[in-house]
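Structural description and commentary
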Amino acid sequence: DIVQVRSRTRRSKGKVSPPIGIIKLPHAHVDMCLKAIISNPEENSQMLNAQLRGLGLYAAHTIGDGNCLFRALSDQLYGTPSHHLKLRADICNWIEQHKERYAPFVEDERGLDHHLSCMRQQGECMRGIHPLVLILPSATYGGHMELSAFAHMTKRNVKVIQPGLVYVIEWDAGGEAADTSVAPK
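Rules behind the numbers
Counting from 1, residues in each chain are numbered in the order their sequence is written. At least 70 in pLDDT is required for a residue's local features to be given in this predicted model, at least 80 for side-chain atom pairs to be given and counted, and no such filter applies to totals for whole chains, interfaces and linings, which use all residues. Working from all heavy atoms in the structure, the side-chain values ignore hydrogens and water. A run of H or I in DSSP becomes a helix once it reaches four residues, and a run of E becomes a strand once it reaches two; helices and strands are each numbered from the N terminus. For every residue, the accessible area obtained with a 1.4 Å probe (protein chains only) is divided by the maximum for its type, and the residue is called buried under 20%, exposed over 50%, and partly exposed between those limits. Contacts were defined at the residue level, with two residues in contact if any of their heavy atoms lie within 4.5 Å. Only the protein chains shown count as cover for residues, and the accessible areas themselves come from Shrake-Rupley with a 1.4 Å probe. Take the buried residues of types Ala, Val, Leu, Ile, Met, Phe, Trp, Tyr and Cys, join any two whose side-chain atoms come within 4.5 Å, and each joined set is a nonpolar core. Polar contact is the term for a pair of N or O atoms within 3.5 Å; when the atoms are in protein, one must be able to donate a hydrogen and the other to accept it, and sequence-neighboring residues count only if both atoms are side-chain atoms. The working definition used for a salt bridge is a side-chain nitrogen of Lys or Arg within 4 Å of a carboxyl oxygen of Asp or Glu. To get an axis, a line is fitted to the C-alpha atoms, and for a helix only the part in contact is used. The angle between two axes follows their N-to-C directions and goes from 0 to 180 degrees. Note that the term roughly parallel is reserved for angles under 35 degrees, roughly antiparallel for angles over 145, roughly perpendicular for angles of 65 to 115, and oblique for everything else. Each residue is assigned to one of three groups, with Ala, Val, Leu, Ile, Met, Phe, Trp, Tyr, Cys and Pro labelled nonpolar, Asp, Glu, Lys and Arg labelled charged, and all others, Gly among them, labelled polar.

Let's shift gears to the overall build of the protein. The helix and strand inventory of the protein stands at 7 helices and 6 strands. Seen in sequence order, the protein has helices and strands lined up from the N terminus as β-α-α-β-α-α-α-α-β-β-α-β-β. Taking all 185 residues of the protein together, the buried fraction comes to 36%. Long-range contacts, defined here as pairs at least 24 residues apart, represent 65% of the contacts in the protein between residues at least 6 apart. When the accessible surface of the protein is split by element, carbon and sulfur atoms take 58% of a total near 11,100 Å².

What follows is the structure, encoded as structure tokens:
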């Protein structure tokens, strides 16, 4: 299941709370933790829900069609997931404008341009041959690089909560604080 995190009391309406604490972990440690997390989905879901309750948050269900990350970010930034397609395009444009920063982190051997080409495919629902049948083409799922680009683009820290792991992507990490690029509105 794909989840987005919301406050127990209300949606964020675009307001960002400062992180409670920042834990800096080496990427190798994060990767090792993520592999352990994936092994038992039911146990992970229970662990995540308990962890979120302890933070005064809950997981809101969202469609896992490849747009889920962008829906969750849209919900947190704008108070509604409905701006996810524009946000996806804005993040792709940001990455393209800052290729030198993101190119080393592309896992696909075909490179950043190919990755962005895939990321720009939005995967919206379409009607099938029968009017009651929906075809759900999947979009490319966003990941850590897209979260990092979102943080830099919006100049907001992003707190990532996973079972047994909480970390913050700091928008001003990596020497981009002096970046004069204008984030899309």
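Right, picking up where we left off after that structure.
Below, the discussion takes up the nonpolar core. Ranked by internal contacts, the top residues of the largest apolar core, which has 25 residues, are Ile91, Ile95 and Phe150. Elements with a minimum of two residues in this core: α3 (68-78), α4 (84-97), α6 (112-119), α7 (144-154), β5 (158-162) and β6 (165-169). Considering each element in turn, this core owes the most residues, 6 residues, to α7. Other than its neighbours up to four places away in sequence, Ile91 contacts Phe70, Leu73, Glu146, Ala149, Phe150 and Met153.

Where burial is concerned, most of α3 is hidden: 9 out of the 11 residues are buried. Of the positions making up α3, those classed as buried are Cys68, Leu69, Phe70, Arg71, Ala72, Leu73, Ser74, Asp75 and Leu77. After α3 finishes, the residue Gly79 shows a positive phi value of roughly 85°.

Turning to its location among the elements, His98 is positioned in the loop between α4 and α5 (99-102). Its relative accessible area of 5% is what places His98 among the buried residues. Within the local environment of His98, its side chain forms a polar contact with the backbone oxygen of Trp94, the two atoms lying 2.8 Å apart.

Another aspect to go through is the pattern of salt bridges. A full pass over the atoms with the stated rule returns 5 salt bridges. The partner of Arg71 in a salt bridge is Asp65, with the nearest N and O atoms 2.8 Å apart. With respect to burial, Arg71 and Asp65 carry one shared label: buried. Glu96 is the salt-bridge partner of Arg120, the closest N and O atoms lying 3.0 Å from each other. A residue pair is termed long-range when its members are at least 10 positions apart, and Arg120 in the loop between α6 and β3 (126-127) and Glu96 in helix α4 qualify at 24 residues. A relative accessible area of 32% means that Arg120 is categorised as partly exposed.

Moving on: the packing of α4 against α6. The contact between α4 and α6 brings their axes to 10 Å, and the two run at 170°. The orientation of α4 relative to α6 falls into the category roughly antiparallel. Residue-level contacts link Arg88, Cys92, Ile95 and Glu96 of α4 to Leu112, Leu116 and Met119 of α6. In the contact of α4 with α6, the residues fall into 5 nonpolar, no polar and 2 charged.

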